[in-house]
Amino acid sequence: MIRTENLTKVYNGKAAVDGLDLEVGEGDIFGFLGPNGAGKSTTILMLTGMIEPTGGRCLVDGIEVAKDPLKVKEIIGYLPEDVGFYGNMTGEENLDYFARFYGMDARKRKERIAELLELVHLDGVAQKAGEYSRGMKQRLGLAQALINDPKVLFLDEPTANLDPEGVREYRELVLALAGEGKTVFVSSHILSEVRAVCRTVGLLAKGKLVAQGTLDEVARTLAPSDGDAVRIVVETREHLPALEDPEIVAVERNGNRAVFLAKTDIRDRLAASLFSQGVHVREMRIEEPDIEDVFMAIYRR
Amino acid sequence: MAFDRLLNVARKEFSDHITSRRFIIILALLLVISTISIYEGIGQYNDSLESYTEQLQQMQEIEDPYSSWMPQKPSIMYVFISMMSYMTMLGGILAIAIGFDLVSKEKETRSLKSLLSHPVYRDEIINGKALGGVAALGFAMALALAIAIAMLLVFSVVPTVDEFAAILIFGAVSLGFLLAYFAVALTMSTVAKESGNALIYTLVIFFAVSSLLPMFGMMAASAFAGDPPEPPEMGPMPKEIVRTASSGGYYTTSVSQDVVYGGTEDPAWRAYEEEMKTYVEKRRFISDVSNLLSPQMNYFTVAMAVTNPQIMAMVYSPYDTAPEETPGLAGALGRVWMNIAALIVFPSVFFAATYVKFMRMDIR
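Remember, it's a predicted structure, so these values are computed and weren't measured experimentally.

Draft legend 1. Examining the sheet that holds strand β13 (residues 257-262) of chain A more closely. All names here are of chain A. Judged by pairing direction, the sheet is antiparallel, and its four strands sit side by side in the order β12-β13-β11-β14 without closing on themselves. Each having just a single partner strand, β12 (248-254) and β14 (281-286) make up the two edges of the open sheet. Across this sheet, the average inter-strand angle for adjacent strands is 15°, counted without regard to direction. Inspection of the sheet shows strand β11 (residues 230-236) paired to β13 by six bridges, in the antiparallel sense. Following the sheet pairing, Ile 232 is matched in β13 by Phe 260. Docked against the sheet, helix α9 (residues 267-276) engages β11, β12, β13 and β14, running at close to 165° with respect to β14.

Draft legend 2. Region of the structure containing the side chain of Thr 159 of chain A. All names here are of chain A. One can find Thr 159 in the loop between β7 (152-156) and α6 (164-179). By relative accessible area, which is 9% here, Thr 159 ends up buried. Among residues more than four places away in sequence, those in contact with Thr 159 are Gln 138, Val 167, Tyr 170 and Glu 193.

Draft legend 3. Layout of the layout of surface pockets. The space that makes up the second largest pocket amounts to roughly 640 Å³. Lining of the second largest pocket is provided by 32 residues; of these, Tyr 86, Gly 87 and Asn 88 of chain A together with Asp 16 and Lys 105 of chain B occupy positions nearest its centre. Listed by contribution, the elements that provide at least two residues to the lining of the second largest pocket are α5 (134-145) of chain A together with α1 (2-19), α2 (21-62), α3 (78-99) and α4 (104-108) of chain B. Residue composition of the lining of the second largest pocket, by class: eight nonpolar, 11 polar and 13 charged.

Draft legend 4. Highlighting the pattern of salt bridges. Counted under the stated rule, the structure contains 31 salt bridges over all chains. Between Glu 193 of chain A and Arg 171 of chain A there is a salt bridge whose closest N-O contact spans 3.1 Å. Of the two residues, Glu 193 of chain A is situated in helix α7 (residues 191-197) and Arg 171 of chain A in helix α6; the sequence distance between them amounts to 22 residues. Measuring nitrogen to oxygen at the nearest pair gives 2.9 Å for the salt bridge that ties Glu 13 of chain B to Lys 129 of chain B. Remark: Lys 129 of chain B occurs in helix α6 (residues 122-154) and Glu 13 of chain B occurs in helix α1; sequence separation between them is 116 residues.

Draft legend 5. Representation of the packing of aromatic side chains within the structure. Taken as a whole and assessed by the stated rule, the structure comprises 19 aromatic pairs over all chains. Ring geometry for Phe 85 of chain A against Phe 98 of chain A: centres 6.4 Å apart, planes inclined by 55°, an arrangement best described as tilted. Separated by 13 residues along the polypeptide, Phe 85 of chain A in the loop between β6 (76-79) and α3 (91-99) and Phe 98 of chain A in helix α3 bring together distant segments of the chain. The residues Phe 85 of chain A and Phe 98 of chain A share a single accessibility class, namely buried. Judged by centre distance (6.1 Å) and plane angle (90°), the ring pair of Phe 14 of chain B and Phe 139 of chain B falls under edge-to-face.

Draft legend 6. Spatial organisation of the sheet that holds strand β5 (residues 63-64) of chain A. All names here are of chain A. The four strands lie next to each other as β2-β1-β4-β5, forming an open sheet whose pairing is antiparallel. Because the sheet does not close on itself, it has two edges, and the strands there are β2 (14-24) and β5. In terms of strand pairing, strand β1 (residues 2-11) meets β2 through seven bridges, oriented antiparallel. Considered in β2, the bridge of Tyr 11 is made with Lys 14.

Draft legend 7. How the structure looks around the confidence of the model for chain A. Per-residue pLDDT for chain A averages 88, and the proportion of residues at 70 or more is 96%. Per-element confidence in chain A is highest for α3 of chain A, whose mean pLDDT is 95, and lowest for helix α10 (residues 291-300) of chain A, whose mean pLDDT is 70.

Draft legend 8. Here's a closer look at unusual backbone geometry. For Glu 157 of chain A, which is not glycine, the phi torsion reads 45° and is therefore positive. Considering the arrangement of structural elements, one finds Glu 157 of chain A in the loop between β7 and α6. A relative accessible area of 6% means that Glu 157 of chain A is categorised as buried. Even without being a glycine, Arg 110 of chain B presents a positive backbone phi close to 65°. When you line up the elements, Arg 110 of chain B lands in the loop between α4 and α5 (111-116).

Draft legend 9. Quick peek at the packing of α3 of chain A against α5 of chain A. All names here are of chain A. Relative orientation of the contacting elements α3 and α5 amounts to 25°, with a least axis distance of 10 Å. Judged on the interaxial angle alone, α5 and α3 are roughly parallel. Read as a crossing pair, α3 and α5 show a hand that is right-handed. For the pair formed by α3 and α5, the contact residues are Gly 91, Leu 95 and Phe 98 on the first element and Leu 140, Ala 143 and Gln 144 on the second. In terms of residue class, the contact of α3 with α5 is built from four nonpolar, two polar and no charged.

Draft legend 10. Summary view of the pairing of β7 of chain A. Residue and element names in this part refer to chain A. Of all the five residues making up β7, five are buried; the element is thus mostly covered by neighbouring parts of the structure. Here β7 shows no split at all, with Val 152, Phe 154 and Asp 156 on one side and Leu 153 and Leu 155 on the other all buried. Inspection of the sheet shows β6 paired to β7 by four bridges, in the parallel sense. Within β7, the position partnered with Gly 77 by the bridge is Leu 153. Bridge analysis of β7 against strand β8 (residues 183-188) gives five bridges, and the strand direction is parallel. Among the inter-strand pairings, Asp 156 is bridged to a residue of β8, identified as Ser 187. For the handedness criterion, the β-α-β arrangement of β7, α6 and β8 is classed as right-handed.

Draft legend 11. Geometry of the interface of chain B and chain A. Counting residues at the interface gives 24 residues for chain B, matched by 27 residues for chain A. Here chain B and chain A share an interface that buries about 2,500 Å² over both sides, 61% of which is from carbon and sulfur atoms. For the pair chain B and chain A, the interface holds one salt bridge. At the junction of chain B with chain A, the criterion picks out eight residue pairs in polar contact (both at pLDDT 80 or more). Those elements giving two or more residues to the side of chain B that touches chain A turn out to be α1 and α5 of chain B. At six residues, the largest contribution of residues to the side of chain B that touches chain A is made by α1 of chain B. A per-class count over the side of chain B that touches chain A returns eight nonpolar, six polar and 10 charged.

Thresholds applied
- Residues numbered from 1 in each chain as written.
- Chains lettered and ligands numbered in written order.
- Predicted model: local features only at pLDDT ≥ 70, side-chain atom pairs only at ≥ 80, totals over all residues.
- Heavy atoms only, no water.
- Pairing = 2+ DSSP bridges.
- Helix = DSSP H or I, 4+ residues; strand = E, 2+ residues; numbered from the N terminus.
- Axes fitted to C-alpha atoms, helices over the stretch in contact; angles between N-to-C directions.
- Contact = heavy atoms within 4.5 Å.
- Buried < 20%, exposed > 50% of the residue type's maximum accessible area, 1.4 Å probe, protein only.
- 1 Å grid on protein atoms, 1.4 Å probe; cavity = no way out; pocket = protein on both sides within 12 Å on 5 of 7 lines; lining within 4 Å.
- Points joined across faces, edges and corners; volume = space filled by probe spheres on them.
- Nonpolar A, V, L, I, M, F, W, Y, C, P; charged D, E, K, R; others polar.
- Salt bridge = Lys/Arg side-chain N within 4 Å of Asp/Glu carboxyl O.
- Phe/Tyr/Trp six-rings, centres within 6.5 Å; stacked < 30°, edge-to-face > 60°.
- pLDDT = per-residue confidence, 0-100.
- Parallel < 35°, antiparallel > 145°, perpendicular 65-115°, else oblique.
- Left-handed = near helix turned anticlockwise from the far one by under 90°.
- Right-handed = clockwise from strand over helix to strand, strands pointing away.
- Buried area = accessible area lost by both parts, 1.4 Å probe.
- Polar contact = N/O pair within 3.5 Å; in protein donor to acceptor, adjacent residues only side chain to side chain.

Written as structure tokens, this is what we have:
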């Protein structure tokens, strides 16, 4: 549904986005992760047809964005980071103004706006958008992004201004939209947020895509390399005896606890050996790389 | 569809303007002052009409077949002369007020990004904004003229078809003047990052072209035209003819020299007169070229041609003692075609600059 090919954007001689190759499937909830200034928003601006790439191209639903930005805008919705509205108009009037660009007739506009305002809990709010709180603006932003019932939804830092209840509702909404077959592209620097809703992620750093896949795949790809070794954590009730196995590469011991670095998964053999020595096993598991640590390492680069 | 999108933007902008407190306050002030000055203008017109009628009666009583002098019938366009002065000030402020934050405010509130995420081209947005502003200024001008015409009718002053046409042309010229400053404000709004800066830049241009430029024009005229020719040592004394046309706070003074001949024509004096004529025309040409860059000066010149063609004819023919016939509106406008063109070119240049800047604007 979304594809970029060597997508590049250069500002003042510096590449904000550098040769980005990305693919997001239909109906996916894709998390676009990266630290501030990584090039996430610039990528979204190119994908939504608001700025032209310096090099490469991007396609949404098979349409090349730079060649036909209007056609793309008709099938996408976009919630910008720190979304803004016309302060002298109510939420309903703001939505009506935007809805007119889609050629919707008055009745259809009225129905759609009422439906969306109810969805984001802004129905019955008579005050002007200039008097809205940041959370209210964010919810109105979500409504304006959905005004045309888009196939693809781009959300840039969508939970930045929401309270916990708003965040919960937003997550439910995103999952419901994906359930309807819409593709959701969520840009965020908050891992927990992406983790909560996204099925696949792409990690961007300094304008380049560092990894793409499910969160576990990305974490594994980016974890400090032990070659093909497996880290097995073992904790026993009694003193942990010395264990011999040709597959064991190294052992880090700490009282009743140890981390075995082995060439393959030898948990069965370790369990049998401990059982035969009458040692009770409290815990035995393969240690996955800590996703937070992996991402923080990338963020700090 | 493309036009629908442009109209959607223009409709919203027009609605924003005419409902904004800023626009309503300045427009109300403009209309109140307009009404008062029109009222006074009608009083003066009635006095002139009365005096004209008396003069006609006196001439009929004298029945002098050799007299070629005829009193001139006052035109109701005199009523509109006073409109020019406050139009250049309050009208200019109104035009600046609606234009200086048209784009910068959208950048500040980030609504531009939201707008651009919907299916609308940038050129449709900027053209729609310009159209909405023009419509709002047109609305203000139409309202001012409608009140003026209504007042004329209330006081039983009925314009002829020609006068009505002149009133409409005056309105169009005034609108052209307002557009000049609206275009400047819109450009500054697009160039500046903040509305405050946009307003400052616009006011700087406003005062530069309205006050500094005419001054520079005069200085340039003195510098390039050099010293005036010296009169011959002997012969008849030159007589200075000073004509002053005043209107609504503006004064145009043309100074020329005529020669009183003692019955015979002196070739030296004739040569001097020709040199003086060339000198004055050269000065005026330099000054006029410089003034073409000033919307105020162009507006003043064109509006004077519409409201008082005879004074314009005197200004443009300083060596004729007086035009024999009152020039028509078309003739008066023909004399000031360069100022009319300048009134069109000035906003066009700024609109073009706005367009180019807006199309290339970084919206991150």
